[in-house]
Amino acid sequence: QVQVVESGGGLVQPGGSLRLSCTVSRASFGPHAMGWYRQAPGKQRELVATITNGGTTNYADSVKGRFTISRDNGKKMSLQMNSLKPGDTAAYLCKARRTAPPLYDAWGQGTQVTVSS
């Protein structure tokens, strides 16, 4: 079964930076697209950023110009977060999707990001 694991969360002051990583394992073939989502307590899960195998990226308006998503290799992705705000506080979850056989749509458990002074 495909496994997705996030790392890199933590506590940071407003204006600070963090880098999140996401690794796919137990997959014979890499994902076609990967993405970061976040969910704050009492709120719905929302898209943060996505990236395809071809390097096409998509960002939520709230993070454009501050966050950068990148593919490190076929099964690893990173999210560089700069100029963090208290409103960025949430659990950040990684999703990996493969749209050709063997198909999969796998989520990680999430990593907590807290922006506070």
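Residue indices begin from 1 for each chain and proceed along its sequence in written order. It should be noted that, the model being predicted, local features are given only for residues of pLDDT at least 70 and side-chain atom pairs only at 80 or more, the latter also being counted only at that level, while totals for whole chains, interfaces and linings use all residues. Note: side-chain values were computed over all heavy atoms of the structure, leaving out hydrogens and water.

Draft legend 1. Quick look at the nonpolar core. Throughout, nonpolar core names a set of buried Ala, Val, Leu, Ile, Met, Phe, Trp, Tyr and Cys residues whose side chains join them through atoms within 4.5 Å. Only protein chains enter the calculation, and the probe is 1.4 Å; a residue is then buried if its accessible area is under 20% of its type maximum, exposed if over 50%, and partly exposed in between. By size, the foremost hydrophobic cluster in this structure holds 30 residues, and its most contacted members are Trp36, Leu79, Met81 and Tyr92. Put simply, DSSP H or I for four residues or longer makes a helix, DSSP E for two residues or longer makes a strand, and each gets a number counted from the N terminus. Listed by contribution, the elements that provide at least two residues to this core are strand 3 (18–25), strand 4 (33–39), strand 5 (46–52), strand 7 (67–73), strand 8 (76–81), strand 9 (90–98), strand 10 (104–107) and strand 11 (111–115). The contact criterion used throughout is that any non-hydrogen atoms of two residues lie within 4.5 Å. Beyond its immediate stretch of four places on either side in the chain, Met81 contacts Gly16, Ser17, Leu18, Leu20, Arg66, Phe67, Tyr92 and Val113.

Draft legend 2. Seen up close, the state of the cysteines. In this description, the term disulfide denotes a pair of cysteine sulfurs within 2.5 Å. What the rule picks out here adds up to one disulfide. Shown here is the disulfide that connects Cys22 with Cys94, its sulfur atoms set 1.9 Å apart. Here Cys22 and Cys94 share a disulfide; its torsion about the S-S bond, -80°, makes the bridge left-handed. Taken together, the positions of Cys22 in strand 3 and Cys94 in strand 9 put the pair 72 residues apart, joining distant regions of the chain. Residue Cys94 is classed as buried on the basis of its relative accessible area, which comes to 0%.

Draft legend 3. Region of interest: the sheet that holds strand 1 (residues 3–7). Across the sheet, which stays open at both edges, the four strands sit in the order 1-3-8-7 with antiparallel pairing between neighbours. Unpaired on one side and paired on the other, strand 1 and strand 7 mark the two borders of the sheet. Between one strand and the next, the sheet's axes are offset by a mean angle of 15°, whatever the strand orientation. With six bridges connecting them, strand 7 and strand 8 associate as antiparallel partners. Looking across to strand 8, one finds that Asn73 is bridged to Lys76. For two strands to be treated as a pair, DSSP must find at least two bridges joining them. Geometry is summarised by axes, namely lines fitted to C-alpha atoms with helices restricted to the contacting stretch, and by angles between N-to-C directions that run from 0 to 180 degrees.

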